[in-house]
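Residue-level structure breakdown
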Amino acid sequence: MRLRRLRKSPRIRDIFADSKIRTDKLVMPMFVDENITKREEIRNMPDIYRFPLKHLVDKAKEYEELGVKSILLFGVPKHKDPRGSASYDDKGIVQRAIREIKKETDLVVFADLCLCEYTDHGHCGLIKGTKVDNDSTLDVYARIAKSYADAGVDGVAPSGMMDGQVRRIRKGLDDAGFEDTLILAYSAKFASAMYAPFRDAVFSAPSFGDRRTYQMNYSSTREAIREVELDIEEGADVVMVKPALFYLDIIREVRNRFLLPIAAYNVSAEYSMIRSAAKNGIIDLDSVVNESVSSIFRAGADIVISYFTEYLLKIEKN
Ligand code: PBG
Ligand code: ZN
């Protein structure tokens, strides 16, 4: 037996590959900012921008032409307060962005559902005393979900890691007649240092403490499985593992145990680290982007949320 026969030429290698990047399964994150009139490049994330609403729509159209199928929206509001009230405003920045993009394109639109971009303290839930309060936060999440659904979102992506959030959001959506709105649940979301460029980008770093009482401990595999199990029970349509690259084992474990689609979030610092290493001549950008995103699909992800989406579509076209 000579296994090298299967590696003889590029085409032979290609047709026998058992896992590949599929660009139609990539989701591009997009940032819409209510405070700016020109796009602003995000520090440490070259080629990734915050857009004012009207430029966001143009960019979304450009993505659609390039072959992007879906996006995940994040908002930066003008107004922040302790309750994050701008998050469920029908005329809020994300709600307006959903309406515009759904009107102007055929993209599938997911929207991140959380409070950290909207609260003045930067936590993902409401504060009671010195703690992030679980159950009162759920009411706000349900309001956000309904406002996104009203705007025509295809799926909401709750990322706050409050217990019971999927159940509450599902019930809120169903009661309001939005039975068809998907829930893409950030199920196994770990307290990770790999979100740093993102927090910098949307000004959502917590002003006190950290997120370790709600996001998961990265040393716990079984608990990650319990989180996924619970979200499935509560009505998640898609479960997510986040970050992706340091958590490929978790993606594989979830793949082996459950049947529903898995999303993996190739997060901001995963992007920044590769861009930075490439810029410094340490690695070849094309090769490492392909190798790293391939590893996420190979681990068992069905869809991958990645800041490299645009880049991968561009290299595919050449
Ligand atoms: C908000 C949220 C975060 C990310 C997605 N949604 C940041 C956080 O939890 O602090 C991170 C995305 C990234 O790093 O690319 N809860
Ligand atoms: Zn949050």
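Refer to the structure above for everything that follows.
The paragraphs below set out a description of the structure included in this document. (Residues numbered from 1 in each chain as written. Chains lettered and ligands numbered in written order. Predicted model: local features only at pLDDT ≥ 70, side-chain atom pairs only at ≥ 80, totals over all residues. Heavy atoms only, no water.)

1. Focus on the nonpolar core
Where we set the bar: Put simply, a nonpolar core is a bunch of buried Ala, Val, Leu, Ile, Met, Phe, Trp, Tyr and Cys residues held in one set by side-chain atoms that sit within 4.5 Å of each other. Only protein chains enter the area calculation, which uses a 1.4 Å probe; residues under 20% of their type maximum are buried, those over 50% are exposed, and those in between are partly exposed. Helix and strand assignments follow DSSP, with helices taken as H or I runs no shorter than four residues and strands as E runs no shorter than two, numbered in order from the N terminus. Any pair of residues with heavy atoms lying within 4.5 Å of one another is described as a contacting pair.
Leu73, Tyr141 and Tyr148 are the most contacted members of the largest nonpolar core, which totals 111 residues. A total of 8 residues in this core trace back to one element, the largest contributor, which is helix 4 (residues 134–151). Setting aside residues up to four positions removed in sequence, Tyr148 forms contacts with Ser87, Val94, Gln95, Ile98, Ala111, Asp112, Leu113, Tyr118, Val153 and Val156.

2. Some thoughts on the site of ligand 1
Selection criterion: Distances are taken per atom, and a residue is near a molecule or strand as soon as one of its heavy atoms is within 4 Å of it. Whenever a nitrogen or oxygen atom comes within 3.5 Å of another N or O atom, the pair is scored as a polar contact, on the condition that within protein one atom can donate a hydrogen and the other can accept it, and that pairs from neighbouring residues in sequence are kept only if both atoms are in side chains. Here the Shrake-Rupley method, with its probe set to 1.4 Å, supplies the accessible areas, and only the displayed protein chains count as covering residues. A 1.4 Å probe that fits into a set of points on a 1 Å grid over the protein atoms alone but cannot get out defines a cavity; an open set with protein on both sides within 12 Å along at least five of seven lines defines a pocket, and lining residues are those with an atom within 4 Å of a point. Each molecule is checked against the cavity or pocket grid, and it sits inside if more than half of its atoms lie within 2 Å of the grid points.
The environment of ligand 1 is made up of 19 residues, and the closest members are Lys189, Arg199, Lys242, Ser268 and Tyr307. One of the side-chain nitrogen or oxygen atoms of Ser159 is found 3.2 Å away from a nitrogen atom of ligand 1. A distance of 2.8 Å is found between an oxygen atom of ligand 1 and a side-chain nitrogen or oxygen belonging to Gln215. Here ligand 1 loses 100% of its free accessible area of 400 Å² to cover by the protein chains. Its atoms largely coinciding with the cavity grid, ligand 1 occupies the largest cavity. Listed by contribution, the elements that provide at least two residues to the shell around ligand 1 are strand 9 (182–189) and helix 6 (196–202).

3. Points about the pattern of salt bridges
Selection criterion: Only one rule defines a salt bridge in this text: a Lys or Arg side-chain nitrogen within 4 Å of an Asp or Glu carboxyl oxygen.
This model, assessed by the stated rule, comprises 22 salt bridges. Put simply, Arg275 and Asp47 hold a salt bridge, and the shortest N to O gap is 2.9 Å. Pair noted here: Arg275 is in helix 9 (residues 268–279) and Asp47 is in strand 3 (residues 45–51), with a separation of 228 residues, a long-range link. A relative accessible area of 16% places Arg275 in the buried class.

4. Observations concerning the pairing of strand 10 (residues 238–242)
Under the convention used in this document: A pair of strands is treated as paired once DSSP finds two or more bridges between them.
Counted residue by residue, strand 10 has 5 buried out of 5 residues, so it is predominantly covered. Side chains Val238, Met240 and Lys242 of strand 10 all project onto a buried face; the interleaved residues Val239 and Val241 project onto the opposite face, where all are buried too. In this sheet, strand 10 lies alongside strand 9 in parallel orientation, the contact comprising 5 bridges. Paired with Ala188 across the two strands is Val241, which belongs to strand 10. By the bridge criterion, 3 bridges tie strand 10 to strand 11 (residues 262–266) in an arrangement that is parallel. Looking at strand 11, one finds that Met240 is bridged to Ala263.

5. Overview of the pairing of strand 9
Cut-off, in case you're wondering: By convention, a crossover is right-handed whenever its connection, traced from the first strand over the helix to the second and viewed with the strands pointing away, goes clockwise.
Of all the 8 residues making up strand 9, 7 are buried; the element is thus mostly covered by neighbouring parts of the structure. Taken together, strand 8 (residues 155–158), helix 5 (residues 165–175) and strand 9 form a β-α-β motif whose crossover is right-handed.

6. Some details on empty space enclosed by the protein
Rules: Grid points are joined across faces, edges and corners, and a volume is the space filled by probe spheres set on the points. Residues were grouped as follows: Ala, Val, Leu, Ile, Met, Phe, Trp, Tyr, Cys and Pro as nonpolar; Asp, Glu, Lys and Arg as charged; and all remaining residues, including Gly, as polar.
Across all of its chains, the model carries 4 cavities of 30 Å³ or more by this definition. Volume-wise, the second largest cavity comes out at about 80 Å³. Taken together, Met161, Met162, Asp163, Gly164, Gln165, Tyr186, Ser187, Glu227, Leu230, Asp231 and Glu234 form the lining of the second largest cavity. If you tally residues by element for the lining of the second largest cavity, the top one is helix 7 (residues 221–234), at 4 residues. Tallied by class, residues from the lining of the second largest cavity come to 4 nonpolar, 3 polar and 4 charged.

7. Re the coordination of the zinc ion (ligand 2)
Coordination angles at a metal have ideal targets, namely 109.5 degrees for four tetrahedral donors and 90 or 180 degrees for six octahedral donors. Stated precisely, the cut-off is as follows: Any N, O or S atom lying within 2.8 Å of the metal counts as a donor, and for Na, K and Ca the limit rises to 3.2 Å; water is left out, so some sites can look incomplete. Geometry is assigned from the angles between donors: four donors with all angles from 85 to 135 degrees make a tetrahedral site, four or six donors whose opposite pairs exceed 155 degrees while the rest stay between 65 and 115 make square planar or octahedral sites respectively, and everything else is labelled irregular.
For the zinc ion (ligand 2), the full set of protein donor atoms is Cys114 (SG), Cys116 (SG) and Cys124 (SG), and the range of their distances to it is 2.2 to 2.3 Å. One way to put it: the 4 donor atoms around the zinc ion (ligand 2) meet at angles of 98 to 119°, and that makes the site tetrahedral. For the zinc ion (ligand 2), all donor residues lie on one chain, and their spacing in sequence is C-x1-C-x7-C. Both residues of the pair, Cys114 and Cys116, belong to the buried class.

8. A short note on helix 2 (residues 53–66)
The line we're drawing: In this scheme, a helix's expected span is set at 1.5 Å multiplied by one less than its residue total.
For helix 2, spanning 14 residues, the distance from its first C-alpha to its last is 20 Å, which sits close to the expected 20 Å at 1.5 Å a residue. Listing the buried residues of helix 2 in full gives Leu53, Leu56, Val57, Lys59, Ala60, Tyr63 and Leu66. Among the structural elements, strand 1 (26–33), strand 3, strand 4 (70–76), helix 3 (93–104) and helix 11 (309–317) are those in contact with the buried residues of helix 2. One or two residues past the end of helix 2 sits Gly67, with phi positive at roughly 115°.

9. Structural notes on the layout of surface pockets
By rolling a water-sized probe across the atoms, one finds the places where empty space is left. In this structure, the largest pocket spans a volume of roughly 280 Å³. Grouping the constituent residues of the lining of the largest pocket by class yields 5 nonpolar, 5 polar and 4 charged.

10. Re the packing of aromatic side chains
The following threshold applies: Ring pairs are drawn from Phe, Tyr and Trp, using the six-membered ring of Trp, whenever the two centres fall within 6.5 Å, and their geometry is named by plane angle: stacked under 30 degrees, edge-to-face over 60, tilted for the rest.
Counting across every chain of the model gives 11 aromatic pairs. A ring pair is formed by Phe31 and Phe198, whose centres lie 5.8 Å apart and whose planes are at 55°; its orientation type is tilted. Of this pair, Phe31 sits in strand 1 while Phe198 sits in helix 6; the two residues are 167 residues apart in sequence, bridging distant segments of the chain. Taking the relative accessible area as the measure of exposure, Phe31 reaches 0% and is therefore buried. Ring geometry for Tyr265 and Tyr307: centres 6.1 Å apart, planes at 45°, overall tilted. With Tyr265 in strand 11 and Tyr307 in the loop between strand 12 (303–306) and helix 11, this pair connects stretches of sequence that are 42 residues apart.

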